[in-house]
Amino acid sequence: MAKVEMNSSIALAGLSSARAYLFKQVRKPLRLKAEGLNVTFYERQDGPGGVWKFSQNAEDIFASPMYGSLMTNLPRDLMELSDSPWEDWAPVCPKHDIVQRYLQTYSTEVDVKYGTEVVKLFLRSPIQPNDWRLVARHVKSGEETTADFDYVIMATGTFEKLFMPTCAGLDEWARIYPNSISHSSTYRDASDFEGKASCFNVVVVGNSASGMDISSKLAPVAQKLWVASTRLADRSDEKAIPAKKIEYLVADKRLVKFEDNEEATDVDSIIFCTGYMYSSPFLKKGVQAQKPLFPDGFHVDDLGIRTHILDWVTNLGICWDSQGMRDVPRLTSPDFKDMKEWVETEKNKKGEKRHGELGGKISHFLKYPAYMKYIKRLEQWCLDSDEAATDKASEGNEPFKWTSRLSWVARNSRNIQMALRKQESDGQSLTTLESLGLSPPPKDRSNEKAEQREI
């Protein structure tokens, strides 16, 4: 029999770097108390870090997609929490274990229900907005608890549901060579592929962050390496043979045919670095509903109508019930009609269909400088909210401040990554952008308030 707890508070599911703002509020609880709010954190892992919590064994429960040599694909400047600067020794793009320690240190003061997975979440009443029911299950004991909340923040990330594209011959290939097809989520180290064959030939599908990184790590151990992608601007390694999208596979000949009429022969392994789909299976349509509110896919339909969007970049990273937000004095959501029109405009603005969905996953992403403008808008939103506060005694962290240095880093992040890949070492000894021969604006915290006023 499930336990029942009654709360008038906020539930937050997930505990990784994307939850920085909530961490800041919890670490200075006077602000939340002044607002009359209490937060309960749920995290299914046994410690903080979320996706950065490395699992050596890809078969472990809730195994992270991190691999041994992975470092951030953004410079640390863009990943710094405003009230917790990186140590001076931290690399320009830190490896996953350094990021994990950074988050672990930052979250020491946060009270979290670790080892507790949210298995069901629904709005109990269609006419009573602040009435969320959350069912959580303890990972080890299996015991379930039920709690009611006014608001719920989903911070579960988007690295759960793998995307594996379909192509002719793939099922037959998997049947004949069951261990030769994998996803980047299970990749751990290039040494795992050494000695598999005297001539090891591999096809990497995808040339974004993980595709480029993994192919560069496999290049020294592979006899031949093909990188299949619709984007061929950057080569991960001189050894990599660029190819277009896979057209079909011929399993009995171990042949991969590409759309540019090129082919890969004697292929031993195919690694799909093709990302993930949005998935929130625990978020249900109602009390009795078994189907999720949002089906798995590359686009979340009607997100603007069903939820109040706070984090458009990660989409389901942070969301609030839009009707419920109307009851918060200093924060109101747009009209439903306006939200719907905005979502449709954004989808159409992004252009062609991807994976059969208008706009596809790209409709949920903001590229620079769009995301900079979005962050600045949120900054001003927070500042306006503070100025309108009736209780000036309430304390909390100031909002994250976007600076001219961050603008420079964001514009040049791709070049920074390429410069790091050209280094003979793994780049972990390089702790400043200047050490890469670059000249970013100085990091002068004393100017940040002035820059904030100019937003």
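You'll find the structure just up there.
What comes next concerns the included structure. This one's a predicted model, so the numbers in the text were calculated from it and none came from an experiment. (Residues numbered from 1 in each chain as written. Predicted model: local features only at pLDDT ≥ 70, side-chain atom pairs only at ≥ 80, totals over all residues. Heavy atoms only, no water.)

### Let's talk about the pairing of strand β14 (residues 246–250)
Across 4 bridges, β14 lies against strand β15 (residues 255–258) in antiparallel orientation. Note that in β15 the partner of tyrosine 248 across the bridge is lysine 257. (Pairing = 2+ DSSP bridges. Helix = DSSP H or I, 4+ residues; strand = E, 2+ residues; numbered from the N terminus.)

### What about the pairing of strand β2 (residues 10–13)?
Burial along β2 is two-sided: the residues Ile10 and Leu12 and Ala11 and Ala13 are all buried. One ladder, built from 4 bridges, connects β2 with strand β3 (residues 39–43); its direction is parallel. Bridged to alanine 11 within β3 is threonine 40. Note that β2 and strand β8 (residues 151–154) share 4 bridges and pair parallel. Residue isoleucine 10 lies in a different strand from β8, and its bridge partner there is tyrosine 151. (Buried < 20%, exposed > 50% of the residue type's maximum accessible area, 1.4 Å probe, protein only.)

### Observations regarding the sheet that holds strand β11 (residues 201–205)
Strand order in this open sheet of 5 strands is β10-β17-β11-β12-β13, and the pairing throughout is parallel. With one partner strand each, in any of the chains shown, β10 (181–183) and β13 (241–243) form the two edges of the open sheet. Each neighbouring strand pair of the sheet contributes to a mean axis angle of 20 degrees, computed without reference to strand direction. As paired strands, β11 and strand β17 (residues 269–272) are joined by 4 bridges and run parallel to one another. When the bridges of β17 are listed, valine 204 appears paired with isoleucine 271. In this fold helix α5 (residues 209–218) packs onto β11, β12 (224–228) and β17, with an angle of close to 170 degrees to the strand it touches most, β11. (Axes fitted to C-alpha atoms, helices over the stretch in contact; angles between N-to-C directions. Contact = heavy atoms within 4.5 Å.)

### Considering the pattern of salt bridges
Scanning the model with the defined rule gives 13 salt bridges in all. With a shortest N-O distance of 3.0 Å, aspartate 131 and arginine 124 are connected by a salt bridge. Measuring nitrogen to oxygen at the nearest pair gives 3.6 Å for the salt bridge that ties arginine 124 to aspartate 148. One end of the pair, arginine 124, is in the loop between β5 (116–123) and β6 (132–138); the other, aspartate 148, is in strand β7 (residues 144–149), with 24 residues separating them in the sequence. Aspartate 148 gets classed as buried once you look at its relative accessible area, which sits at 4%. Salt bridges sharing common partners tie together Arg124, Asp131, Arg133 and Asp148. (Salt bridge = Lys/Arg side-chain N within 4 Å of Asp/Glu carboxyl O.)

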